[in-house]
Structures are given as structure tokens and as C-alpha cells.
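# What the coordinates show
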Amino acid sequence: MRRLLDVSLEIKINGILIGVITLIIISLSAFYIYHSGNEYHDNAERLSLQSARTLSYLPSMIDGQTLNDDQDIQNIVEQYIFENNVDFVIVKDRGGEIITHPDPSMTGENEPYTYDNQARIFGASYTERTDMYSEPAIVAVAPIYAGEEARQLRGVVKVGYFESRIHQQIMNSLYQLALISFIFIVISFFISRWFGRYIKSETLGYEPKEITMILKNRDNIFSSLNEGIAASDVNGRIIYLNPAAKKYLHIEQDAEVSELDIYSYFDRESINEKPDTGDNVRYFEKTLYDKEIVVIINNLYEKAEHSGYVFIIRDMTEMSALSNKLNIVESLFDDLRAQSHEYKNQLHLISGLLEMDKYNSIREVLNEEINHLDVYQNEFADIKEERIKALIIAKMNKANEKQVNFEVAPGSYMEETRDNVFLNKVITIMSNLIDNAIEAIAENSGSTVQLYIAHFDGWLEIAVEDDGPGIKDASKIFTKGFSTKKAGNSRGYGLYNVMTNVELLDGHIDLKNDGETTRFIVELPFSEGG
């Protein structure tokens, strides 16, 4: 049985449709045959009884006292049989003598009224089924009466239909029905083949077992991913979420997602934004439930018509934190390298002074170095966040390498925060602004970069100012890919990243460019607890 069912989807559909259609045809045919057979028998009984009564009322039958004109009655009976398509008519008189009979040898014979007593005694007309004659037949019996006032029985008339004739009529109808059914089954066969191929094309040629396996494998693969996979229709109704996506969106793993709206989690403008490239892939960054994520979007199509969206959700919090830490470590390595070079020079200087017995000069060099370390401690005493302090020291050493003055404005301070997402974005913003300022004035001897950071009314303010040549096209400065420096693969993303992170933190950024100084002011909502 299992082998019989192990066939293609198309064959299964053909078999099911043809089987159902054949069953319907057989059922309807059986009902039709049963109904037609009863109808043919009822019609035969009705017509035979009607014919018997009609013949019993003919003048040739009721005129006179006896049925004595056999030839006249025979002619009337033959004409009636011919015109009304009955099989036979029997007429016999009151004494039982047969006047007319389908078998001429029976004419003049005497037939007792044993089987006609209802007509003889009660004068009733009726039908019956009998096999008294050459074959089984339906026979109607009607009495023949003479006289108007005192009616006297003169005889009976019998009109019959052979059942073989009725059966032949049923078989003729059955042949016609069988032909029609055969034609209909052939047509149904071609329709079922077309329908099977259509279903096969809708399933991309896959069999049900293959589709089941693909869906199971898809769920297993998507469930094993750390990236969130989501899909929605064009109206935003979610149609699929893998476990990682439910975790990102804070949805219970066993929750029904068909009633959820993707626009409740992501901005409609970000989803419908047209990409800069020729393809449909686009992305945006977002902070969702204290996680920094990037969402990659592509369109779904069904028969070349836009039917929805697919989303890939990635956690950028750890990556951003690692990137910022690497930047800080890289800056610290640069600082150590610069300091190592500087200390080597100082050691050479001290060694030379020792050879010359210039002990006072050695004391002055050491005091100057100690004072330089004290400056670091004094300038950064109010900056409690250690990672920001490390970033500033790294940038200060980078500026010193490029012979650029770097200052932390008096009154700068920052409290500690446990919000790592916020802190990572602040590091990105400060790092890009300071790097841009240092590069802008690196070729101008004696130029200065000044950093100011402080709190006010629940906000954190960051200001980076330089006295370089200024920005000529300030309206495009935050555009992705735009740069005032020489072209390069990594140019044009620094200030764009600054603007992106400021917007993600619901902050503000302002540019003041008067031709003598360039000042970026960033204001961010701040929370110590995160």
C-alpha cells in the first residue's frame, strides 16, 4: 500500500480527481437508472390502464347485448395497438370466450375468470404484473358494461406492455448515459492533468515530501543562526520570525506572530527608503531595547510583483565596543611608541649631560618631564569615565606627534556611566570629531584643537573646536561619502558616522563655522545608570 502511494504529486492529484469524478458519475447513474426504471414502470401501468378504459368505452364494445362481431373488434384492437404503441390487447366476453388475443390460436378459446374476478365481480379497473402470456408483462384490466340505466357486464378488456420492452428502454438510456459518462471522464482526465501540472508549477516542481524537508531544514538552519531573520508582507504584517529575531524584538518564542506589525519595531521610512545602489538591499542602524543593531533589508517578490520584505538583524553592540576598544588600543600603542621615542631622546640627552657633568641641566630635564605628567593628572581629574580619559590621552599624543596643540578646556568633566551602548557611541562621536579637527589643521603650524565636555540639565555636551581653514561646503558635511580631504576609499564616513550615532541617541549636533574657527557642538541625553 505504501508503494502505491509513493508516486508523484501530479499522479496523486490525477488519481484523486478522476476517482472522485468517477464515483460521482456512478452514483448519479445508479440513481438515474433506479429512478428511470420506476418511471418507465409507472408510465407503463398508467398508459395500459388508460388504454384499457378507453377501449372498454368504445361503442363497438358496449353496443348490443353481446360481443358478437369478432372481426370488427379485432380491427379496432389492431388499429389501437398500431396508433398507441401497446404490445397486446385481449378482449373476452362475459362467458370467458376470447374475442382477440396476440396469439391467434387462442381466439375462440375459453379463459376462466379466475384472474379477472375484480373486474367481473366488483367492476374495478386495475393493473397487475403477470407471466401468463408469452413473457412477463404489465397488464391493465377494465370491465366492459352495456346499457345506460341497468348496466350489465359484457366482458373485459386487457391491455399489456411486455417488461422486456421496458427493460430495453432502460438499457437504451443506460447506453446513452454510459457514453456521456465516458466522454465526461475523458474530459475530466485532461482537466485533472492540467490541474496537477498547475499545482506542480505552484510548488516550483517540488514534491510534498521535498517541501516538508525544505521547511524543516529551513527552520533548523534559521534557528541555529545568531542573526535575526524576519519577513513581512507589503503592509507590514509579520509572516515569519526565527528564534533570534523574536529575542531581538522581545517576543515570546511561542507567541503567534501573524497579528504583529513590523512597523511597530522599525520606522516605515527606513524600511521603504530607496537604496543608493542599483539593487534593493539597504540597511539602517537602530538602538532597540538597549541593543545597538543593524537591520539589512531586501524586497520579496512573487511572480515579479513586490510582495513583502525580508530583514536580517545583527547585534552591533559588541562589535562597536570591540571596534572602539581596538581604536583606543591602537591609539595607546601609537602613544607608547611616541613616548618610547621621546624617552629614548631624553635618555640620550641625560647620558650626554652626564658625560659633561651638567647635573643641574639633568635636574631641569627631569623636572620638566615630571611637570608634564602632572599636567595630565590635573587636566583629567574631573573626567571620571576611564575610557573617555584613555581616549583623550591617546588623541593628545596623536596631536603631539603631528605637532598640533591639543587642549582640554577648563571646567571639562564627565561622570561615569554603566550604559555601554551610550558610551560606545560617545567614543565614536568624540574620536571622529577630534581626528577630523587634527587632520584639518595638521599642515598649519601652531594651530590648536580644543575639547570641552560637561553636563547640564541631564544632557552631555561635547564641543570640539579648531582654528583651521574652516569648512567651505557646510551643507554637505554630514552626507555619506562627502569629504573635504583628498579622495580615498575610507574618506567621507567620519562625520556621517557622527551624525548617525547622534541621531540614534536622540541628540543634536550643531556646526559653527565663522572662517576663523570651526566648532562642532554635540548634545546627548545622559543617564548615569544606563
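Small disclaimer: the values here were computed from a predicted structure and weren't measured. (Residues numbered from 1 in each chain as written. Predicted model: local features only at pLDDT ≥ 70, side-chain atom pairs only at ≥ 80, totals over all residues. Heavy atoms only, no water.)

### Re the overall build of the protein
The helix and strand tally for the protein stands at 14 helices and 15 strands. Relative to its full complement of 530 residues, the protein shows a buried share of 37%. Within the protein, residue pairs in contact and separated by at least 24 positions form 57% of the contacts whose partners lie at least 6 positions apart. On the protein, roughly 32,000 Å² of surface is accessible, and the fraction owed to carbon and sulfur atoms is 53%. (Helix = DSSP H or I, 4+ residues; strand = E, 2+ residues; numbered from the N terminus. Buried < 20%, exposed > 50% of the residue type's maximum accessible area, 1.4 Å probe, protein only. Contact = heavy atoms within 4.5 Å. Areas by Shrake-Rupley, 256 points an atom, 1.4 Å probe, with all protein chains shown as cover.)

### Notes on the side chain of N299
Along the chain, the position of N299 falls in strand 9 (residues 291-302). A distance of 3.1 Å separates the side chain of N299 from the side chain of R282, its partner in a polar contact. A polar contact of 3.4 Å, which involves the side chain of N299, links it to the side chain of Y301. Leaving out residues up to four positions away in the same chain, N299 has contacts with N280, R282, H306, G308 and Y309. (Polar contact = N/O pair within 3.5 Å; in protein donor to acceptor, adjacent residues only side chain to side chain.)

### What to know about a nonpolar patch on the surface
Together, L179, F182, I183, V186, I187, F189, F190, I191, W194, F195 and Y198 give the surface a local cluster of nonpolar side chains, amounting to about 1,100 Å² of exposed area. For W194, a relative accessible area of 56% translates into the label exposed. (Patch = residues over 30% accessible without salt bridge, like charges linked within 9 Å, V, L, I, M, F, W, Y side chains within 5 Å. Salt bridge = Lys/Arg side-chain N within 4 Å of Asp/Glu carboxyl O.)

### Things to note about the sheet that holds strand 9
The strand order across the open sheet formed by five strands is 7-6-10-9-8, and the pairing between neighbours is antiparallel. Strand pairing shows two members of the sheet lacking a second neighbour, strand 7 (238-241) and strand 8 (282-288), which therefore form its edges. In this sheet, neighbouring strand axes are inclined to one another by 25° on average, regardless of whether the strands run parallel or antiparallel. Pairing geometry for strand 9 and strand 10 (residues 305-315), over 10 bridges, is antiparallel. Counterpart to V294 in the pairing with strand 10 is R314. (Pairing = 2+ DSSP bridges. Axes fitted to C-alpha atoms, helices over the stretch in contact; angles between N-to-C directions.)

### With respect to the pattern of salt bridges
Per the stated rule, a full pass over the model turns up 12 salt bridges. A salt bridge links E227 to R314; its shortest N-O distance comes to 2.4 Å. You can see E227 sitting in the loop between helix 7 (208-224) and strand 6 (228-233) and its partner R314 sitting in strand 10, a full 87 residues away along the chain. Assessed through its relative accessible area of 34%, R314 is described here as partly exposed.

### As for unusual backbone geometry
A negative phi angle is the norm for most residues apart from glycine, just as the trans form is the norm for most peptide bonds. We note that Q403 has phi near 60°; this positive angle belongs to a residue other than glycine. Mapped onto the secondary structure, Q403 falls in the loop between helix 12 (386-401) and strand 11 (405-408). One non-glycine residue, D457, adopts positive backbone phi at about 50°. Structurally, the position occupied by D457 is in the loop between strand 12 (448-456) and strand 13 (459-466). Overall, the relative accessible area of 76% leaves D457 in the exposed class.

### Thoughts on the packing of helix 13 (residues 420-441) against helix 14 (residues 494-504)
The geometry of helix 13 relative to helix 14 is characterised by a closest axis approach of 9 Å and an angle of 150° between their N-to-C directions. As judged from the angle between their axes, helix 13 and helix 14 are roughly antiparallel. For helix 13 against helix 14, the interelement crossing comes out left-handed. Here K425, T428, I429, N432, L433 and N436 of helix 13 come into contact with helix 14, specifically with G494, L495, V498, N501, V502 and L504. The residue inventory of the contact of helix 13 with helix 14, partitioned by class, reads six nonpolar, five polar and one charged. (Parallel < 35°, antiparallel > 145°, perpendicular 65-115°, else oblique. Left-handed = near helix turned anticlockwise from the far one by under 90°. Nonpolar A, V, L, I, M, F, W, Y, C, P; charged D, E, K, R; others polar.)

### What about the sheet that holds strand 4 (residues 137-146)?
Taken together, the five strands give an open sheet; going across it, the order is 2-1-5-4-3, and neighbouring strands pair in antiparallel fashion. Strands with a single pairing partner mark the edges of an open sheet, and in this sheet they are strand 2 (98-100) and strand 3 (126-130). Shown here is a sheet whose adjacent strand axes are inclined to one another by a mean of 30°, direction ignored. For strand 1 (residues 88-93) and strand 2, the ladder comprises two bridges, and the chain directions are antiparallel.

### Observations regarding the nonpolar core
Core analysis: the largest hydrophobic core is formed by 42 residues, its most contacted members being I388, I392, F406, M430, I462 and L524. Among the secondary structure elements, those contributing two or more residues to this core are helix 12, strand 11, helix 13, strand 12, strand 13, helix 14, strand 14 (508-513) and strand 15 (518-525). Setting aside chain neighbours within four positions, we find L524 in contact with F422, V426, I429, G458, W459, L460, I462, V502, L505 and G507. (Core = buried A, V, L, I, M, F, W, Y, C linked by side-chain atoms within 4.5 Å.)

### Overview of the pairing of strand 15
Side chains on a regular strand alternate between the two faces of the sheet. Direction of pairing for strand 13 relative to strand 15: antiparallel, over a ladder of eight bridges. By the bridge assignment, A463 is partnered in strand 15 with I521. Pairing of strand 14 with strand 15 involves six bridges; the strand directions are antiparallel. Across the sheet, I509 pairs through a bridge with V522, a residue of strand 15. Taking the residues that link successive antiparallel strands as the turn, the strand 14-strand 15 hairpin has four residues, and the phi of G515 there is positive, at about 95°.

### What about the packing of aromatic side chains?
Considering all chains together, one arrives at seven aromatic pairs under this definition. Taking the centre distance of 5.6 Å and the plane angle of 75° together, the rings of F189 and F190 count as edge-to-face. Of the residues examined, F190 reaches a relative accessible area of 54% and is grouped as exposed. On the numbers, 5.7 Å between centres and 70° between planes, the contact of F422 with F526 is edge-to-face. Of the two residues, F422 is situated in helix 13 and F526 in the segment after strand 15; the sequence distance between them amounts to 104 residues. Across the pair, exposure class does not vary: F422 and F526 are buried alike. Grouped by ring-pair contacts, the aromatic residues F266, F284, Y309 and F311 constitute a single cluster. Of note, R268 hangs over the ring of Y263, and the distance from its end group to the ring centre comes to 3.9 Å. (Phe/Tyr/Trp six-rings, centres within 6.5 Å; stacked < 30°, edge-to-face > 60°. Lys NZ or Arg CZ within 6 Å of the ring centre and 35° of its normal.)

### Points about the environment of A231
Tracing the backbone shows A231 in strand 6. As a C-alpha pair, A231 and F311 span 80 residues in sequence and 6.1 Å in three-dimensional space. Leaving out residues up to four positions away in the same chain, A231 has contacts with R237, I238, I239, Y240, L300, Y309, V310 and F311.

### Some details on the packing of helix 12 against helix 13
Where helix 12 contacts helix 13, the axes come no closer than 11 Å and their chain directions differ by 15°. As judged from the angle between their axes, helix 12 and helix 13 are roughly parallel. Of the two elements, helix 12 crosses helix 13, and the hand of that crossing is right-handed. From helix 12, R387, I388, L391, I392, K395, K398 and A399 reach across to helix 13, where they touch N420, L423, V426, I427, M430, S431, I434, D435 and I438. Among the residues making up the contact of helix 12 with helix 13, the classes are represented as 10 nonpolar, two polar and four charged.

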